[in-house]
Amino acid sequence: MNGKQIKEGFKFLLLNSTGKIPSHAIRLFIYKHLFKARIGNKAVIYGGAEIRSPENLVIGERSIIGNSAKLDARAGIEIGKNVNFSTGVWIWTMQHDPQDPDFGVKQGKVTIKDYAWVSCRTIILPGVTIGEGAVVAAGAVVTKNVPDYAFVGGVPAKVIGERNRDLRYQLGDYLPFI
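Residues numbered from 1 in each chain as written. Predicted model: local features only at pLDDT ≥ 70, side-chain atom pairs only at ≥ 80, totals over all residues. Heavy atoms only, no water.

*Asks:* Explain the sheet that holds strand 9 (residues 90–91) to me, and be specific about the residues and the numbers.
*Replies:* An order of 3-6-9-14-17 is seen for the five strands of this open sheet, with the pairing classed as parallel. At either margin of the open sheet sits one strand with a lone partner, and together these are strand 3 (50–52) and strand 17 (141–142). Pairing geometry for strand 9 and strand 14 (residues 123–124), over two bridges, is parallel. Opposite I91, over in strand 14, you have I124 as the bridge partner. (Pairing = 2+ DSSP bridges. Helix = DSSP H or I, 4+ residues; strand = E, 2+ residues; numbered from the N terminus.)

Here you go:
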């Protein structure tokens, strides 16, 4: 192995271990300062997170990333302010194209706007934008953009309701060892 391979191997091990560190403050320090993720004030990343290409990840102020999230930021993920991800949210910015004869990839940045709530065990696919204040119901698979303040659910996700537009809450309070 050459020096570059050793460095990349060490980076891979550290990145995959960071989500398991039992301290929010230490995880945040590593993501921000070693991996160059842009994370706003009072944002929280709970334990068990797996982040690919954190240098392409932006998390707004007071947003919360729940336990066991998988954030594939290879093509970019931008998360607004006061966004809540429940446990087990998966966001993919790259995937194989089953119609491509060479099994190539499709990719696209994922954007989650302010005050969105992405509930547990949801999947968001490449190129999707989740609108401001939108809610993605538990277990949904989001393949297309979600309008502002819409409730979506199902596989594939479809609009099933509308959310109140008067949102004033502030997220981002946490215990230091979570």
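*Asks:* Describe the nonpolar core, and please don't skip the residues or the numbers.
*Replies:* Counting residues in each nonpolar core, the largest one holds 37 residues, and the members touching the most others are F85, I112 and I130. For this core, the secondary structure elements donating two or more residues are helix 2 (24–34), strand 4 (57–59), strand 7 (77–79), strand 12 (110–112) and strand 18 (150–153). Sequence-distant contacts of I112, defined by excluding residues within four places in its chain, comprise E78, I79, G80, V83, F85, I91, V118, I124 and I130. (Core = buried A, V, L, I, M, F, W, Y, C linked by side-chain atoms within 4.5 Å. Buried < 20%, exposed > 50% of the residue type's maximum accessible area, 1.4 Å probe, protein only. Contact = heavy atoms within 4.5 Å.)

*Asks:* Account for the sheet that holds strand 2 (residues 44–45), with residues named and values stated.
*Replies:* Strand order across the open sheet formed by seven strands is 2-5-8-13-16-18-19, with mixed pairing between neighbours. Two strands close off the open sheet at either side, each with one partner strand: strand 2 and strand 19 (158–162). Across two bridges, the pairing between strand 8 (residues 84–85) and strand 13 (residues 117–118) is parallel. Residue pairing in the sheet places N84 in a bridge with W117 of strand 13.

*Asks:* So what's going on with unusual backbone geometry? Residues and values would help.
*Replies:* Here V155 and P156 are connected by a cis peptide whose omega angle stands at -10°. Here P156 lies in the loop between strand 18 and strand 19. In this structure, K36 takes a positive phi of about 65° despite not being glycine. In this structure, K36 sits in the loop between helix 2 and strand 1 (38–39). Even without being a glycine, Y149 presents a positive backbone phi close to 60°. On the accessibility criterion, Y149 (10% relative accessible area) is buried.

*Asks:* Outline the pattern of salt bridges, supporting the account with residue identities and numerical values.
*Replies:* Evaluation of the coordinates by the stated rule reveals six salt bridges. For R74, the salt bridge identified is with D72, shortest N-O distance 2.6 Å. K109 is the salt-bridge partner of E78, the closest N and O atoms lying 2.8 Å from each other. Pair noted here: E78 is in strand 7 and K109 is in the loop between strand 11 (105–107) and strand 12, with a separation of 31 residues, a long-range link. Classification of E78 as partly exposed rests on a relative accessible area of 36%. Overall, the relative accessible area of 40% leaves K109 in the partly exposed class. Linked by salt bridges that have partners in common, E50, R52 and K70 make up one network. (Salt bridge = Lys/Arg side-chain N within 4 Å of Asp/Glu carboxyl O.)

Just geometry here; none of it tells us what the structure is for.
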